[in-house]
Amino acid sequence: MSIAKDVTDATFTADVLRSDKTVLVDFWAAWCGPCRAVSPVLDQIAAEHSDEITVAKVNVDLNPDLADRYGVVSIPTLMVFRGGTVQKIIIGARPKADLERELQEFLRA
């Protein structure tokens with residue numbers, strides 16, 4: 001079971017844009033192999049850094065308006081939101097060490 005929070009068109013504003021914490025949003029789909037590969041890595045990051053960052057998942061097949069709004073054309077696409085704005089975009093599945101390096105400015109050591 002995923003630790004990451006499922007977010008939809010209906011809950012995105014409250015869960016992501018209005019969040020007090022930094023939110024890492026994973027735009028994914030069930031049929032996407034790299035998305036399935038990165039999912040457990042994101043769960044580990046969510047568990048280990050829960051004080052600093054919230055990990056959210058948006059299924060692009062079920063929420064195409066969000067994918068369109070943020071220009072997601074390749075999945076997985078990870079977007080870091082802080083204060084309601086996109087701070088960083090990471091495209092493609094990466095190993096945990098690479099993702100933590102990419103996210104280090106948002107995570108405490």
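Above: the structure in question.
Computed from a predicted structure; not experimentally measured.

Colleague: Got a minute to help me understand the pattern of salt bridges in this structure?
Modeller: A side chain of one charge can pair with a side chain of the opposite charge if their charged atoms are brought near each other. As enumerated under the stated definition, the model contains eight salt bridges in all. Between Arg-101 and Asp-98 there is a salt bridge, with the nearest N and O atoms lying 2.4 Å from each other. Taken together, the residues Arg-101 and Asp-98, both in helix H4 (residues 96–103) and three residues apart, mark about one turn of the helix. Among the charged side chains, a network of salt bridges with common partners joins Lys-88, Arg-94, Glu-102 and Glu-105.

Colleague: Quick question: what am I supposed to make of unusual backbone geometry here?
Modeller: Excluding glycine, residues mostly carry a negative phi; peptide bonds, for their part, are mostly trans. Omega for the bond connecting Ile-75 with Pro-76 falls within 30 degrees of zero, at 0°, which places this linkage in the cis form. Mapped onto the secondary structure, Pro-76 falls in the loop between helix H3 (64–69) and strand E4 (77–82).

Colleague: Got a minute to help me understand the state of the cysteines in this structure?
Modeller: Any covalent bond linking the sulfur atoms of two cysteines counts as a disulfide. Scanning the model with the defined rule gives one disulfide in all. Across the disulfide, Cys-32 is cross-linked to Cys-35 (sulfur-sulfur distance 2.4 Å). The disulfide joining Cys-32 to Cys-35 has a torsion of about 80° about its S-S bond and is therefore right-handed. Each member of the pair, Cys-32 as well as Cys-35, is classed as buried.

Colleague: What am I meant to see in the pairing of E4 here?
Modeller: Of all six residues making up E4, five are buried, and the element is well covered by its neighbours. The pairing of strand E2 (residues 22–28) with E4 spans five bridges and is classified as antiparallel. Within E4, the residue paired with Asp-26 across the bridge is Leu-78. When E4 meets strand E5 (residues 85–91), the two strands line up antiparallel, connected through six bridges. Its bridge partner being in E5, Thr-77 is matched across the sheet by Ile-91. As consecutive antiparallel partners, E4 and E5 are separated by two residues, and within that stretch Gly-83 has a phi angle of approximately 65°, a positive value.

How each quantity is defined
For every chain, the first residue of the written sequence is number 1, and numbering continues from 1 onward in sequence order. Only residues with pLDDT of 70 or above have their local features reported here, since the model is predicted, and side-chain atom pairs are shown and tallied only from 80 upward, although totals for entire chains, interfaces and linings are computed over all residues. Hydrogens and water molecules were not included; the side-chain quantities draw on all heavy atoms of the structure. We define a salt bridge as a contact between a side-chain nitrogen of Lys or Arg and a carboxyl oxygen of Asp or Glu at a distance within 4 Å. The helix and strand labels rest on DSSP assignments: H or I over at least four residues marks a helix, E over at least two residues marks a strand, and numbering proceeds from the N terminus. Note that a disulfide, as used here, is simply two cysteine sulfur atoms within 2.5 Å. Residue burial is assigned from relative accessible area. The probe radius is 1.4 Å, only protein chains are included, and a residue is buried under 20% of its type maximum, exposed over 50%, and partly exposed in between. Pairing between strands requires that DSSP locate at least two bridges from one strand to the other.

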